[in-house]
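The primary structure of each chain is shown beneath.
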Amino acid sequence: MKQSTAEILREYGPFPYVERVHGVSFDGNNVWFASGEKLNAFDPENGQVQRSIDVAAHAGTAYDGQHFFQLANDRIHKIDPDTGRVLATIPAPGGGGDSGLTWAEGTLWVGQYRERKIHQINPETGAILRTIESDRFVTGVTWCDGELWHATWEGEQSDLRRVDPQSGKVLEKLDMPAGMGVSGLESDGGDRLYCGSTSAGVVRAVRRPRRG
């Protein structure tokens, strides 16, 4: 396993009226973060908030190219990004103990916080297709270039982990600096991993190590 200290490229925020970040996603242009009762978008070039959607946003956020999927207590809502309307609802696999959400391979991947698990689920029904075990609390999950990454937060320490999507074996670990807990994780499809803060209205960009 490779291990190194996470390289913080930039810190966005603190955003007004946001106590902590619950989930993070990226639509190809803007970074979106869940803040409890809103989904908020900011431009990663200048850090300026572009818009907000009034919707329950209690944990992870995902984007499939057309719609948002948002954890709201024990449900996952499918949301129209233009109107903010909830189009469909499925049960969350953790029954309210869910903590991260991302879209990949036509399915949703959901972190289950205290159970230390990541579930791949059917986005239409919520049926669990696969489960991966972790050895730490899961606080975010994302895919990039065929790599599965997840964030952890336990014992006042966070790290970002690249894991084998079949076995869950940890292949690489980036240790976050002391005091920087991660709540919500998303890749920009390139060399950045966006990390929500567990204790402030802040999103941090971390460099994703290059392969090869």
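About the criteria used
Residues numbered from 1 in each chain as written. Predicted model: local features only at pLDDT ≥ 70, side-chain atom pairs only at ≥ 80, totals over all residues. Heavy atoms only, no water. UniProt positions renumbered as here; feature names shortened; annotations may be inferred. Helix = DSSP H or I, 4+ residues; strand = E, 2+ residues; numbered from the N terminus. Core = buried A, V, L, I, M, F, W, Y, C linked by side-chain atoms within 4.5 Å. Buried < 20%, exposed > 50% of the residue type's maximum accessible area, 1.4 Å probe, protein only. Contact = heavy atoms within 4.5 Å. Pairing = 2+ DSSP bridges. Axes fitted to C-alpha atoms, helices over the stretch in contact; angles between N-to-C directions. Polar contact = N/O pair within 3.5 Å; in protein donor to acceptor, adjacent residues only side chain to side chain. 1 Å grid on protein atoms, 1.4 Å probe; cavity = no way out; pocket = protein on both sides within 12 Å on 5 of 7 lines; lining within 4 Å. Points joined across faces, edges and corners; volume = space filled by probe spheres on them. Nonpolar A, V, L, I, M, F, W, Y, C, P; charged D, E, K, R; others polar.

Here, the residues flagged by UniProt with the feature "domain: Pyrrolo-quinoline quinone repeat" (unreviewed entry) are residues 73–203. Span residues 73–203 is 0% helix and 58% strand, its end C-alpha atoms 22 Å apart.

Another aspect to go through is the nonpolar core. Counting residues in hydrophobic clusters, the biggest one holds twelve residues: Tyr 12, Phe 15, Val 18, Val 21, Val 24, Phe 26, Val 31, Phe 33, Phe 42, Tyr 194, Val 203 and Ala 205. Counting only elements with at least two residues in this core, the list comes to β3 (23–26), β4 (31–34) and β21 (203–207). In contact with Val 203, other than residues within four places in its own chain, are Arg 10, Glu 11, Tyr 12, Phe 15, Val 21, Phe 33, Phe 42, Tyr 194 and Cys 195.

Quick look at the environment of Leu 171 now. One can find Leu 171 in strand β18 (residues 170–175). Each C-alpha atom of the pair Leu 171 and Arg 161 lies 7.4 Å from the other, and the pair is ten residues apart in sequence. Aside from chain neighbours lying at most four places away, what touches Leu 171 is Met 1, Lys 2, Arg 162, Val 163 and Asp 164.

Moving on: the sheet that holds strand β15 (residues 138–144). Read from one edge to the other, the open sheet built from five strands follows the order β1-β18-β17-β16-β15, with strand pairing classed as mixed. Strands at the two margins of the open sheet, each flanked by one partner only, are β1 (2–5) and β15. For this sheet the average axis-to-axis angle between neighbouring strands, irrespective of direction, equals 20 degrees. In this structure, β1 lies alongside β18, joined through four bridges in parallel fashion.

Within the secondary structure layout, Gln 70 lies in strand β8 (residues 68–72). Residue classification places Gln 70 among the buried positions, given a relative accessible area of 0%. Looking at Gln 70, its side chain comes within polar contact range of the side chain of Thr 61, at 2.6 Å.

With six of seven residues buried, strand β17 (residues 157–163) lies mostly within the body of the structure. Connecting strand β16 (residues 147–154) to the antiparallel partner β17 that follows it, the hairpin turn spans two residues, and Gly 155 within it adopts a positive phi of roughly 60 degrees. Two elements, β17 and β18, share five bridges in a ladder whose sense is antiparallel. Its bridge partner being in β18, Val 163 is matched across the sheet by Val 170.

A separate point is empty space enclosed by the protein. With the rule as written, the count across this model stands at one cavity of 30 Å³ or more. Of the volumes computed, that of the largest cavity is approximately 40 Å³. Surrounding the largest cavity, Ile 118, Ile 132, Glu 133, Ser 134, His 150, Val 163, Gly 168 and Val 170 form its lining. Taken together, the residues of the lining of the largest cavity break down into four nonpolar, three polar and one charged.

To continue, consider the side chain of Arg 136. Among the secondary structure elements, Arg 136 is positioned in the loop between β14 (128–133) and β15. Here Gln 157 takes part through its backbone oxygen, which lies 2.5 Å from a polar atom of the side chain of Arg 136. Every residue in contact with Arg 136, bar those within four places of it in the chain, is listed here: Arg 116, Thr 152, Trp 153, Glu 154, Gln 157, Ser 158, Asp 159 and Arg 161.

Attention now goes to unusual backbone geometry. The amide bond that connects Gly 13 to the next residue, Pro 14, takes the cis arrangement and shows omega of 5 degrees. Locating Pro 14 in the fold gives a position in the loop between β2 (8–12) and β3. Here Arg 116, not a glycine, exhibits a phi torsion of approximately 55 degrees, which is positive. By relative accessible area, which is 25% here, Arg 116 ends up partly exposed.

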